Amino acid sequence: MKCPSLPYHWAVVGAGPAGIAAVGKLIDYGIPPQAIAWLDPEFKVGDFGTKWKQVSSNTKVKLFTKFYESCQAFQYTSVNENFNITHADPEDTCLLDLAAAPLRWITDKLKNEVQAIQEKVQHLKLIDKSWRLTLDNEEIYAKNVILATGAEPKSLSFPNLQEIPLETALDPDKLMHTCHHEDCIAIFGSSHSAIIIIKTLIEECSIKKIINFYLEPLRYAVYFDDWILFDDTGLKGKTAEWARKNIDHIPSEKLERMISNEENIRLTLPSCNKVIYATGFQKRLVPVDGMQTLEYNDNNGIIAPGLFGLGIAFPEAKRDRYGTLEYRVGLWKFMEYLNQVMPIWLKYGI
Ligand SMILES: Cc1cc2nc3c(=O)[nH]c(=O)nc-3n(C[C@H](O)[C@H](O)[C@H](O)COP(=O)(O)OP(=O)(O)OC[C@H]3O[C@@H](n4cnc5c(N)ncnc54)[C@H](O)[C@@H]3O)c2cc1C
């Protein structure tokens, strides 16, 4: 452990894709690896590498490859492993498990270079020009901290219904084992996750009925030469193909879709016995002394001097060329954003 007079230059909290990108870029920018503390209770590529493994990606394979190759510190171009993703069509999507395999390899490589600490950060406090990070069993200090701590699914908590957690619903095997043929299942949401779950319920689970409560019509990403309409909110890949055919064209008899308003919920929800909330994500909070919520600047990731946010918990806000505001979430987007903000963060320390 370092003493307060010898704090780490940087601490990166979280070892999901965003934490991996942050550690790689710090090394690429010349921060000595021994001066970087990297903290995570598991080091298993975050929720991306554990909870969403069986999810079909909304990103093309070529963007995952671009991510692996974009940091020199990853040393991915010298890899000898035969990852399955290298045999996939670069223009196609893939299971996230395939995309996570090289990230596990990169994690192990980086862990050997920086000071990897397998613990959860419980609390942060600014003391004498350094951030004190309170861990389960010790305290460390760092001049600068990047929070890449991920996000939790939001829940709506309707009483009297058995909730199927999103993590279970997005794993076909687990979902099948949770369902019974008499079930009427309510799903809130109409995003990528919601449509994947509806597809699994219709095609792989023998249940009586699905009622999908949604706020907005389905939205599809449209690819142009140099930009993508609804890049962050539109359905993509196999999920989009399936929705066009099976929801917009000839919907399954098992599926009923309705606007999520008070009346529809009052009249229809009582006929359901189980519920799945696919209604978005909220940042996982790390208590920081003197801050109630972790507000951040969504154009540069700054939370406070020497404290920065990255990843799904602190996404970049960007307007497309027609003024639509979207929050940019995805591996390659985290990397592009880092390229932009890292020079600022390096000068915005304490
Ligand atoms: C269903 C789904 C599908 C997605 N599909 C794609 C896709 O196809 N392509 C794509 O590019 N993106 C996709 N994403 C978006 C995004 O890439 C993932 O959400 C990704 O997991 C976000 O990475 P992250 O590092 O921000 O968070 P996470 O992967 O959640 O990692 C956060 C890490 O922080 C750690 N942590 C949390 N709190 C603490 C603490 N206090 N101390 C220490 N460590 C802590 C956690 O243990 C975890 O390891 C998808 C997201 C979801 C939800």
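Here the structure is shown first, and the text comes after it.
Please read these numbers as outputs of a predicted model, since none were measured by experiment.

## Things to note about the site of the ligand
Argument step 1. Around the ligand, 35 residues are found, and the nearest of them are Asp 40, Asn 58, Thr 59, Val 121 and Leu 331.
Argument step 2. The separation between an oxygen atom of the ligand and a polar main-chain atom of Ala 18 is 2.9 Å.
Argument step 3. Contact between the ligand and Thr 59: a nitrogen atom at 2.6 Å from a side-chain N or O atom of the residue.
Argument step 4. Contact with the protein chains hides 94% of the accessible area of the ligand, taken as 980 Å² for the molecule alone.
Argument step 5. Secondary-structure elements contributing two or more residues to the shell around the ligand are helix 1 (17-28), helix 2 (46-50) and helix 10 (331-347).
Argument step 6. The greatest single-element share of the shell around the ligand, amounting to 3 residues, is contributed by helix 2.
Argument step 7. Of the residues contributing to the shell around the ligand, the split by class is 19 nonpolar, 11 polar and 5 charged.

## Some details on the environment of Tyr 277
Argument step 1. Relative to the helices and strands, Tyr 277 is located in strand 14 (residues 274-277).
Argument step 2. Since its relative accessible area comes to 3%, Tyr 277 is described here as buried.
Argument step 3. Separated by 248 residues in sequence, Tyr 277 and Tyr 29 have C-alpha atoms that sit 41 Å apart.
Argument step 4. Contacts of Tyr 277, omitting those with residues within four sequence positions, involve Lys 154, Ser 155, Leu 156, Ser 157, Phe 158, Glu 163, Leu 166 and Phe 188.
Argument step 5. At a separation of 3.4 Å, a polar atom in the side chain of Tyr 277 contacts the main-chain amide nitrogen of Ser 157.
Argument step 6. Reaching out from Tyr 277, the side chain makes a polar contact with the backbone nitrogen of Phe 158 at a distance of 2.8 Å.

## Quick word on the layout of surface pockets
Argument step 1. The volume enclosed by the second largest pocket comes to roughly 200 Å³.
Argument step 2. Around the second largest pocket sit Gln 54, Val 55, Ser 56, Leu 95, Leu 170, Pro 172, Ile 196, Lys 199, Thr 200, Glu 204, Lys 238 and Thr 239, which together line it.
Argument step 3. Those elements giving two or more residues to the lining of the second largest pocket turn out to be helix 7 (192-204) and helix 8 (237-249).
Argument step 4. The residue inventory of the lining of the second largest pocket, partitioned by class, reads 5 nonpolar, 4 polar and 3 charged.

## As for the environment of Val 114
Argument step 1. Summarising the element assignment, Val 114 is placed in the loop between helix 4 (96-111) and strand 3 (115-117).
Argument step 2. For Val 114, a relative accessible area of 5% corresponds to the buried category.
Argument step 3. Spatially, the C-alpha atoms of Val 114 and Pro 90 are 32 Å apart, while their sequence positions differ by 24 residues.

## Some words on the side chain of Glu 316
Argument step 1. Its place among the elements puts Glu 316 in strand 18 (residues 316-319).
Argument step 2. Ignoring any residue separated from it by four or fewer positions in sequence, one finds Glu 316 in contact with Asp 298, Glu 326, Tyr 327, Arg 328, Tyr 337 and Gln 340.

## Details of the sheet that holds strand 13 (residues 255-259)
Argument step 1. Read across the sheet, 5 strands follow the order 8-14-9-10-13 without closing on themselves; strand pairing throughout is parallel. Sheet topology places strand 8 (162-163) and strand 13 at the edges, where each strand pairs with a single neighbour.
Argument step 2. Across 5 bridges, the pairing between strand 10 (residues 209-214) and strand 13 is parallel. By the bridge assignment, Phe 213 is partnered in strand 13 with Met 258.
Argument step 3. Contacts between helix 7 and the sheet are confined to strand 9 (184-188), strand 10, strand 13 and strand 14, with strand 9 contributing the most and set at about 165° to the helix.

So, how was this worked out
- Residues numbered from 1 in each chain as written.
- Predicted model: local features only at pLDDT ≥ 70, side-chain atom pairs only at ≥ 80, totals over all residues.
- Heavy atoms only, no water.
- Near = heavy atom within 4 Å.
- Polar contact = N/O pair within 3.5 Å; in protein donor to acceptor, adjacent residues only side chain to side chain.
- Areas by Shrake-Rupley, 256 points an atom, 1.4 Å probe, with all protein chains shown as cover.
- Helix = DSSP H or I, 4+ residues; strand = E, 2+ residues; numbered from the N terminus.
- Nonpolar A, V, L, I, M, F, W, Y, C, P; charged D, E, K, R; others polar.
- Buried < 20%, exposed > 50% of the residue type's maximum accessible area, 1.4 Å probe, protein only.
- Contact = heavy atoms within 4.5 Å.
- 1 Å grid on protein atoms, 1.4 Å probe; cavity = no way out; pocket = protein on both sides within 12 Å on 5 of 7 lines; lining within 4 Å.
- Points joined across faces, edges and corners; volume = space filled by probe spheres on them.
- Pairing = 2+ DSSP bridges.
- Axes fitted to C-alpha atoms, helices over the stretch in contact; angles between N-to-C directions.

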